[in-house]
Amino acid sequence: LEENSETYHSYYVWSLLQRLRRKFDEKNIILMDFHDKSTRGPEETLFCNIPNATEMCNAARSSKEENLNPSVNLDYFDLAYGAKKEGMVSMSGTKKTTKLLKAIEK
C-alpha cells in the first residue's frame, strides 16, 4: 500500500480500531478526523464529540481567534538539509540558507 493513499489511511485506522477493541469497551472509543473541513478546527472536532463538554464545544464554536501557531511547510528545508547532509551543498548561516531555499523552490 502507498503510505499516502486513502486505502493506506483507511487500513491504518481500521487496524488501530481493532487493536483498541481488544483492550477497551467499544462505547469508550471515539474516532475523530482532525482534518475534517466541516468544523472550525481540531478544537471543535474534539470538544463537540466528548459527552458533557457542552460549554467547551460552544466556546470552540464561537471562538473568533486566528490560529496563533499555524503550521509551516518545511519540505524545502528538509530537501536542503538532506542535500547538505549528503555533501551536495554548503549551507551555513541564515543568508545562505535562505538563498538556497529560494533556489530549491524555483
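Residues numbered from 1 in each chain as written. Predicted model: local features only at pLDDT ≥ 70, side-chain atom pairs only at ≥ 80, totals over all residues. Heavy atoms only, no water.

### Comments concerning the environment of Asn 49
Moving on, step 1. Among the secondary structure elements, Asn 49 is positioned in the loop between α2 (42-47) and α3 (54-62).
Moving on, step 2. Sequence separation between Asn 49 and Leu 31 is 18 residues, and the spatial gap between their C-alpha atoms is 9.3 Å.
Moving on, step 3. If we ignore the near neighbours within four places in the chain, the residues touching Asn 49 are Ile 30 and Met 32.
Moving on, step 4. Of the polar contacts made by the side chain of Asn 49, one reaches the backbone oxygen of Thr 45; its length is 2.5 Å. (Helix = DSSP H or I, 4+ residues; strand = E, 2+ residues; numbered from the N terminus. Contact = heavy atoms within 4.5 Å. Polar contact = N/O pair within 3.5 Å; in protein donor to acceptor, adjacent residues only side chain to side chain.)

### Overview of the layout of surface pockets
Moving on, step 1. As a volume, the second largest pocket reaches approximately 200 Å³.
Moving on, step 2. Contributing to the lining of the second largest pocket are Tyr 12, Val 13, Leu 16, Leu 31, Met 32, Asp 33 and His 35.
Moving on, step 3. A class-by-class count of the residues in the lining of the second largest pocket yields five nonpolar, one polar and one charged. (1 Å grid on protein atoms, 1.4 Å probe; cavity = no way out; pocket = protein on both sides within 12 Å on 5 of 7 lines; lining within 4 Å. Points joined across faces, edges and corners; volume = space filled by probe spheres on them. Nonpolar A, V, L, I, M, F, W, Y, C, P; charged D, E, K, R; others polar.)

### Focus on the state of the cysteines
Moving on, step 1. Tallied over the entire structure, the rule returns one disulfide.
Moving on, step 2. Between the sulfur atoms of Cys 48 and its disulfide partner Cys 57 the distance amounts to 2.0 Å. Looking along the S-S bond of the Cys 48-Cys 57 disulfide, the torsion reads about 95°, which is the right-handed sense.
Moving on, step 3. Exposure remark for Cys 48: the relative accessible area of 23% places this residue in the partly exposed category.
Moving on, step 4. Classification of Cys 57 as buried rests on a relative accessible area of 7%. (Disulfide = S-S within 2.5 Å. Buried < 20%, exposed > 50% of the residue type's maximum accessible area, 1.4 Å probe, protein only.)

### Structural notes on unusual backbone geometry
Moving on, step 1. Even without a glycine there, the phi angle at Asn 52 is positive, about 65°.
Moving on, step 2. Here Asn 52 lies in the loop between α2 and α3.
Moving on, step 3. According to the relative accessible area criterion, Asn 52 is exposed, its value standing at 81%.

### Section: a nonpolar patch on the surface
Moving on, step 1. On the surface, Val 72, Leu 74, Phe 77 and Tyr 81 cluster together into a nonpolar patch covering about 400 Å² of accessible area.
Moving on, step 2. Within the secondary structure, Leu 74 is located in the loop between α3 and α4 (75-85).
Moving on, step 3. Judged by its relative accessible area of 47%, Leu 74 is partly exposed. (Patch = residues over 30% accessible without salt bridge, like charges linked within 9 Å, V, L, I, M, F, W, Y side chains within 5 Å. Areas by Shrake-Rupley, 256 points an atom, 1.4 Å probe, with all protein chains shown as cover. Salt bridge = Lys/Arg side-chain N within 4 Å of Asp/Glu carboxyl O.)

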